[in-house]
Amino acid sequence: MSIATSRRIINTISIIGLGLSIALTIYFINLGVFKDINALRGLVGNSVILGPIIFILLQILQVVIPIIPGGISSAAGVLIFGPYLGFVYNYVGICIGSVIIFLLGRRYGKPFILSMISDKTYDKYIGWLDNQSRFEKLFALAIFLPVAPDDALCLMAGLTNISVKKFTLIILLAKPLSIFLYSMALIYGGTFLTGLLGG
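For clarity, every value in this text was computed on a predicted model and none was experimentally measured.

## Let's talk about the overall build of the chain
- The number of helices and strands found in the chain is nine helices and zero strands.
- Scanning the chain from its N terminus toward the C terminus, one meets helices and strands in the order α-α-α-α-α-α-α-α-α.
- In the chain, buried positions account for 38% of the 199 residues.
- Taking the contacts inside the chain whose residues are at least 6 apart along the sequence as the reference set, 74% of them involve residues at least 24 apart.
- Total accessible area on the chain is roughly 11300 Å²; 71% of this is exposed by carbon and sulfur atoms.

Structure representation (structure tokens):
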């Protein structure tokens, strides 16, 4: 399968996922779940085990295949499960997904990576790979602070000599802050806008 064909398939899946996300959001608004946290939690079922498992699997999936924007699912996790458990489930799912795409990038190389990200993004960050030591520092900083496309960099990290152990350690240590800040910004930013618009 060519890069162009792979990219078209991924883009189609992403567009469908985004469309479904918008449709579900409208449906949930009509149900009033964003005004009733108990109703929102009910969407993932009453099971204290099945609900988190389903959510974590969805988070893994959205990292590997960008079906829905990561910010939306991260905010949903906090809204559904609360700030503490929501953070934990986001963290677990996103970290596992990040390791998976790193391994996929390493296994299938540049053709696979170019089917997942744009040429512009690839060209922008490929220079980071020229120096292994510098890449590891820049990569850790980018994961710690959401200043670059994390998923794209995780894929491209597969082209370097960084070990799976070191990559995983960077993800585990650097991801928490960005996940927390991103989730809180989306939730409280949305609350602020709702109040501003008189919702």
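## Some details on the packing of aromatic side chains
- Applying the stated criterion to the full structure yields eight aromatic pairs.
- Ring plane angle 90° and centroid distance 5.0 Å describe the contact between Y125 and W128, whose orientation is recorded as edge-to-face.
- Judged by its relative accessible area of 7%, Y125 is buried.
- Overall, the relative accessible area of 19% leaves W128 in the buried class.
- An aromatic cluster is built from F102, F135, F139 and F167, whose rings are joined through pairwise contacts.
- Against the face of Y108 rests R107, its NZ or CZ located 4.9 Å from the ring centre.

## Regarding the pattern of salt bridges
- Per the stated rule, a full pass over the model turns up two salt bridges.
- For the salt bridge of K166 with E136, the shortest nitrogen-to-oxygen distance reads 3.1 Å. Of the two residues, K166 sits in helix α9 (residues 164-196) while E136 sits in helix α7 (residues 132-144), which places them 30 residues apart along the sequence.
- Here K166 falls in the partly exposed class, since its relative accessible area comes to 38%.

So, how was this worked out
Residues numbered from 1 in each chain as written. Predicted model: local features only at pLDDT ≥ 70, side-chain atom pairs only at ≥ 80, totals over all residues. Heavy atoms only, no water. Helix = DSSP H or I, 4+ residues; strand = E, 2+ residues; numbered from the N terminus. Buried < 20%, exposed > 50% of the residue type's maximum accessible area, 1.4 Å probe, protein only. Contact = heavy atoms within 4.5 Å. Areas by Shrake-Rupley, 256 points an atom, 1.4 Å probe, with all protein chains shown as cover. Phe/Tyr/Trp six-rings, centres within 6.5 Å; stacked < 30°, edge-to-face > 60°. Lys NZ or Arg CZ within 6 Å of the ring centre and 35° of its normal. Salt bridge = Lys/Arg side-chain N within 4 Å of Asp/Glu carboxyl O.

Honestly, that's just the spatial picture; any functional story needs more than this.
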